[in-house]
Amino acid sequence: MERGDWPVYRRSPAYFRKYGYKMEKKLAIELIGITKAFGTKVVANKNVSMDLREGEILSVLGENGSGKTTLMNMIAGIYTPDSGKIIVRGEEVVIKSPIDAFNHHIGMIHQHFKLVDLFTAADNILLGERMPAYSVREEKKRIREAFGQKKAELESKMQEHLQSGGSSSDPACRAMRKELGKARRKTFFASHTRWLVKCGKHIQFNHLARDRVKKLQGTVDRYGFNIDLTRKIYDMSVSEKQTVEIIKVLYRGADILILDEPTAVLTPQEIEKLFSVLRKMRDEGKSIIIITHKLNEVMAISDRVCVLRKGEHIATVETAQTNEKELTDMMVGQKIDLNIKRDLPKDPRPRLQIRDMSVVNKEGRTVVNRVSFDICGGEILGIAGISGNGQKELLEGIAGLQQKSEGDIIFHNPKKDRPVTFYHKDLKQIKAMAAEGFFHYPNGDRVDLTNRNNKEIVRLVNEEQILFYEDEIIDLKDRTPREIQELGIKLSFVPEDRLNMGLVGSMSIVDNMMLRSYRKGNSIFVNRKRPKKLADEIIHDLEVVTPSDLVPVRRLSGGNVQKVLVGREISSSPKVLMVAYPVRGLDINSSYTIYNLLNDQKDRNVAVVYVGEDLDVLLALCDRILVLCGGHVSGIVDARKVTKKELGLMMTTVPDKVETYQYEDLKREETDNGQ
Amino acid sequence: MVNNTKHVKEPLVHLTRRLNVSPLFAWLIRIGAFILSILVCCIVSCILSPKVNFGSFFKYLFEGAFGSSKLVTTLLRDLAIYLILALAVTPCFQMRYWNIGGEGQAMMGAFGCSLVIANTAGKMPVWATIALSFAAALVMSVLWAVIPALFKAKWNTNETLLTLMFNYIAVCLGAFLIKKVEPKGTGILAFKEGTLSSLGVSDFWIIFLVAAVMTVFMYVYQKYSKHGYEISVVGESPNTARYVGINTKKVVIRTLLLCGLISGVAGYLLVSVKDSSFLSDSTTQSTVAGRGFTAVLISWLAHFHPLAMALTSFLVVFINRGATQVGNMARLGNSYAGMMVGIFFFFIIATEFFINFQIHFRAKAPAVPKEDRPAPAPEEPKPAEPGRE
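As the structure is a computational prediction, the values presented were derived from the model and not from experiment. (Residues numbered from 1 in each chain as written. Chains lettered and ligands numbered in written order. Predicted model: local features only at pLDDT ≥ 70, side-chain atom pairs only at ≥ 80, totals over all residues.)

Re the overall build of chain B
- On a plain count of helices and strands, chain B comes out with 13 helices and four strands.
- Residues counted as buried form 41% of the 389 residues belonging to chain B.
- Long-range contacts, defined as pairs at least 24 residues apart, comprise 78% of the intrachain contacts of chain B with a sequence gap of at least 6. (Helix = DSSP H or I, 4+ residues; strand = E, 2+ residues; numbered from the N terminus. Buried ≥ 20, exposed ≤ 12 C-beta atoms within 10 Å, placed from the backbone. Contact = placed C-beta atoms within 7 Å.)

Some words on the overall build of chain A
- Tallying secondary structure elements over chain A gives 23 helices and 22 strands in all.
- Per-residue burial for chain A yields a buried fraction of 37% across its 675 residues.
- Counted over contacts in chain A with a minimum sequence separation of 6, partners at least 24 positions apart contribute 72%.

Thoughts on the interface of chain A and chain B
- The interface is formed by 32 residues belonging to chain A together with 22 residues belonging to chain B.
- Elements with a minimum of two residues in the side of chain A that touches chain B: helix H3 (98-103) and helix H16 (481-486) of chain A.
- Looking at which element gives the most residues to the side of chain A that touches chain B, the answer is H16 of chain A, with three residues.
- Class assignment for the residues of the side of chain A that touches chain B results in 16 nonpolar, 10 polar and six charged. (Nonpolar A, V, L, I, M, F, W, Y, C, P; charged D, E, K, R; others polar.)

Notes on the environment of Leu 542 of chain A
All names here are of chain A.
- Along the chain, Leu 542 falls in the loop between helix H18 (529-541) and helix H19 (558-571).
- Leu 542 gets classed as buried once you count the C-beta atoms within 10 Å, which come to 20.
- The residues touching Leu 542, leaving out its near neighbours within four places in the chain, are Lys 563, Gly 567 and Thr 593.

Brief notes about helix H12 (residues 306-330) of chain B
- With 25 residues, H12 of chain B ought to run about 36 Å at 1.5 Å a step, and its terminal C-alpha atoms sit 36 Å apart, in line with that.
- A positive phi of about 50° marks Arg 331 of chain B, the residue just after H12 of chain B. (Expected span 1.5 Å × (residues − 1).)

Section: the confidence of the model for chain A
Residue and element names in this part refer to chain A.
- Per-residue pLDDT for chain A averages 81, and the proportion of residues at 70 or more is 89%.
- When pLDDT is averaged over each element of chain A, strand S20 (residues 607-611) comes out on top at 93 and helix H1 (residues 13-19) at the bottom at 56.
- Confidence over residues 1-10 falls short of pLDDT 50; this stretch has seven contacts with residues more than four positions distant or in other chains. (pLDDT = per-residue confidence, 0-100.)

Digging into the sheet that holds strand S14 (residues 405-413) of chain A
All names here are of chain A.
- Across the sheet, which stays open at both edges, the four strands sit in the order S12-S11-S14-S17 with antiparallel pairing between neighbours. With one partner strand each, in any of the chains shown, strand S12 (366-377) and strand S17 (472-475) form the two edges of the open sheet. Taking the axes of each pair of neighbouring strands and ignoring which way they run, one obtains an average angle of 10° across the sheet. (Pairing = 2+ DSSP bridges. Axes fitted to C-alpha atoms, helices over the stretch in contact; angles between N-to-C directions.)

Comments concerning the domain arrangement of chain A
Residue and element names in this part refer to chain A.
- Its domain assignment divides chain A into domain 1 (3-105 + 255-332), domain 2 (136-203) and domain 3 (349-406 + 489-674).
- Put simply, the middle of domain 1 and the middle of domain 3, counted by C-alpha atoms, are 34 Å apart.
- Each side of the interface is counted separately: domain 1 has 12 residues, and domain 3 has 11 residues.
- Of all the secondary-structure elements, those providing two or more residues to the side of domain 1 that touches domain 3 are helix H11 (295-301) and helix H12 (324-332).
- Take the side of domain 1 that touches domain 3: its biggest share by element is five residues, from H12.
- Class assignment of the residues belonging to the side of domain 1 that touches domain 3 gives a composition of four nonpolar, five polar and three charged. (Domains from an automatic or database assignment.)

Here's the deal with the environment of Gly 67 of chain A
All names here are of chain A.
- For Gly 67, the location among the structural elements is in the loop between strand S3 (57-61) and helix H2 (68-75).
- Owing to 25 C-beta atoms within 10 Å, Gly 67 belongs among the buried residues under this scheme.
- Distance in space between the C-alpha atoms of Gly 67 and Arg 309 is 7.6 Å, their sequence separation being 242 residues.
- In this view, Gly 67 contacts Ala 44, Asn 45, Leu 308 and Gly 311; residues no more than four positions away in its chain are not counted.

Focus on helix H8 (residues 226-236) of chain B
Residue and element names in this part refer to chain B.
- Extensive coverage of H8 is indicated by the burial of eight of its 11 residues.
- Among the residues of H8, Gly 228, Tyr 229, Glu 230, Ile 231, Ser 232, Val 233, Val 234 and Gly 235 are the ones counted as buried.
- Contact partners of the buried residues in H8: helix H3 (69-94), helix H7 (203-224), helix H9 (238-243) and helix H10 (248-275).

A few points about the pairing of strand S9 (residues 304-309) of chain A
- Judged by how many residues are buried, S9 of chain A sits mostly within the fold: five of six residues are covered.
- Between S9 of chain A and strand S10 (residues 312-318) of chain A, which pair antiparallel in sequence order, lie two residues; one of them, Lys 310 of chain A, sits at a positive phi of approximately 50°.

Remarks on unusual backbone geometry
Residue and element names in this part refer to chain B.
- One non-glycine residue, His 303, lies in the positive phi region at around 55°.
- Looking at where His 303 falls in the secondary structure, it is placed in the loop between helix H11 (291-301) and H12.
- Phi is positive for Arg 331, which is not a glycine, with a value near 50°.
- Within the secondary structure layout, Arg 331 lies in the loop between H12 and helix H13 (335-356).
- Residue Arg 331 is classed as exposed on the basis of its C-beta count, with 9 C-beta atoms lying within 10 Å.

What to know about the confidence of the model for chain B
Residues and elements named next belong to chain B.
- For chain B, the average pLDDT comes to 85, and 90% of its residues sit at 70 or higher.
- Considering only residues more than four positions removed or in separate chains, one finds that residues 1-8, a stretch of pLDDT under 50, has seven contacts.
- Here residues 367-389 is modelled with pLDDT under 50, and outside its nearest four sequence neighbours on either side it reaches 13 contacts, counting other chains as well.
- Reported confidence for the predicted complex is 0.77 by ipTM and 0.73 by pTM.

Pasting the structure below:
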């Protein structure tokens, strides 16, 4: 395709400069061909060209990992581009540090605030500001001019007052004397003690003068912020902290503001307030870039939208001339066929039923909000959503790692007519369950263990003579991981942050293998024989590249670390396997190894939950996809039928009517039961 | 507008982290540092006193440490005491529980032992006094170790400050005991009966054997026991510990219990075997005499490895005793030995830096005429530090 054939919104600013095009507004920032790579593999931005006009709000839209934040960090001086040009107000610049960025009047408000908790808001805003240079001589002159005249005036006034018979002790005179004293002191210091002024210059004490807070209040009032600058940061809510960050940037004279996902931490009312402030700033002539995932916000606030996908600039369009559908289309792109094997689930039955589950995080925000769904054995349930929409908390809640969670998690252990083993239950549990009538003999009689001694029971269990009547149903609510394990529930979980949770970086592969199983047995010593065998098996089967099984896992590459973790979690032959972003940072081959492992588990009738960020993978691998948006379920859909566009839309907005897809067999069964 | 395209001067040195450090390289650096520290000690001594020269320094140094068979046994006995104290704090450090209260815990062990001996010696059979005093030493020491652990488990208090302050409380309690028992005494409680040494056993062999047994025990405990495994999981990755369902609070308290027991043994040995007396004026003028603090360093330098700890405590004792001899011969005063140990520690601690980091000096730039100087190379991507984003 020739450049000239491109739709108008796709043409780069460079094109316009070459072929001529009358700009409506002056450009605040222009990026030309920016490329940034981390290492040799990850290209965060590839040849991105975009521009920001003066006095507009530009949204930067894109999925996770599309390079939005990297691009903005390059404007703000946190990173430097590998190649390409940054042009600020028509002048090519090199921005090496945030200070450089400030010198160009560019300020960025990061997602994680950078404030000193123990300082007041005003202190935080003034912090780090340089005192303007001044010469001692001129400062002296200034003081003398300011106070010298006042001193003379006051002295003559005083004399008049005394000569006209006024008493030296009446209030007016006393106030005057106080003023006079101050003026005298000032002029005295200025004229006689040169070193004091000099000293002041060095320790910058007059830089901390109180009138600067007043000046600050001016900025605050101009934009209509409602905030008390004398309060300490630790007393403030998240939205107030954000306001302080914005004021900080404005006070330092930034004309170009970059906000990195400012709405992620705010309530709807606070978002509205923020938007009105942003509009006000735009009307004052500031140029604003706002990074966001949420389409409705993009439509509400921005003048233009710039869409990035996988590090590349897709388009910049006028908000008024587009709609949410078109934007989603640009954001997710065309479907790519990945050729991942996918069979129809065999006999899917609910394994885990989650009902009205809510999770409150440490900051007291509800991150998972009344979520209900089933996970069936023999399927891969994908969980889609923009990261930070509750996926992590949902999985941790199921695994028993979240303290504050509500709702029921009901586990169906498919045990009907299967023998009970000591692998799952100990003697005491078996006795208690037998008393409640959980078991039957192979001939169908109910098991009664009251008259049998322990030896006999052990023999019966070992001979597999005690069978379950029904599937075991256990509520996992408020259980710790250890309790879940002790109940004999094989719930495997591959967390997102592998080396921080799941593995111990400084330990060898063998020692990591026994994390789940080291408690087994009554010995006070750990048994490394089995873990070693397991480690060698995993190294061999999954082709882990490592010099030996005694190497600390921290030294392995990301893909190999993931293989070790997934291998361990699968080795316990789980009933439920939850994996969070298992292929993040992995190369193609390792990714396919992981997909195959998950498919194997699916064939073994394991309920697999796959949290992913790449929609193509989710569409190719999973049977059903659950979409989370802001902690709500915005739909459970058939992965074979849904389109990427639909998913993208569900990820950004919760529809009024939430679709819940279920397998045909289950539906039929339910209707049968209903009749 | 500020012109910021000017060439930024490259700093003279910059540091990079070494990723794969071979143990051989690390040990070579450590040995080098040890030799260097001795040389610096020698030079400092030569400057301080005209009586010391290069030859005599080393002569006195080795004489003080290995001069006679009696000196050698004393050296080994001191080594053993340091080793026991270091072993006590090691599991705590492995768990990233910064227990710097080894001093106070041993002090309380000595306190408990002295309390019993002072009250029961002569009134009870000797074996009963010995058994009781041993039990009291263990109980007091465990108490001193577990209280901060309970605070940590219950309210997540800062264990470093609490254990540090507990050291001083222990010393004050000791002083109080001495004042109560002997109001008009010399400030030192000397025991004639009720101690193990009064039975005529060799102090060297008891302490040495206890230390040897404990070293082996700790090595096995760390490496092969389930408890040891839990300790390293909790220390290395608290999140993983939560993930596999380890009860961190329980592990903390249990480990500190063990730490208290070992410190208690150390305290008992100091009073009942080594000194047959109890002194508690200050942290340096007491029965434990600051060994608890040195033990923290010993444990740290050995990277919590019990056998390596034997080596580091040997080095500390060697320098201490050798330097004491040099100081006596050259009349350099009492603090001289402490100074030499300080120099030694300075060098050894510095090695950790050189083992973990590589220093690059700025390469000398060839003289390029100003106009055709190449454009500055694109910067390396900054490491993704959480604090800088």
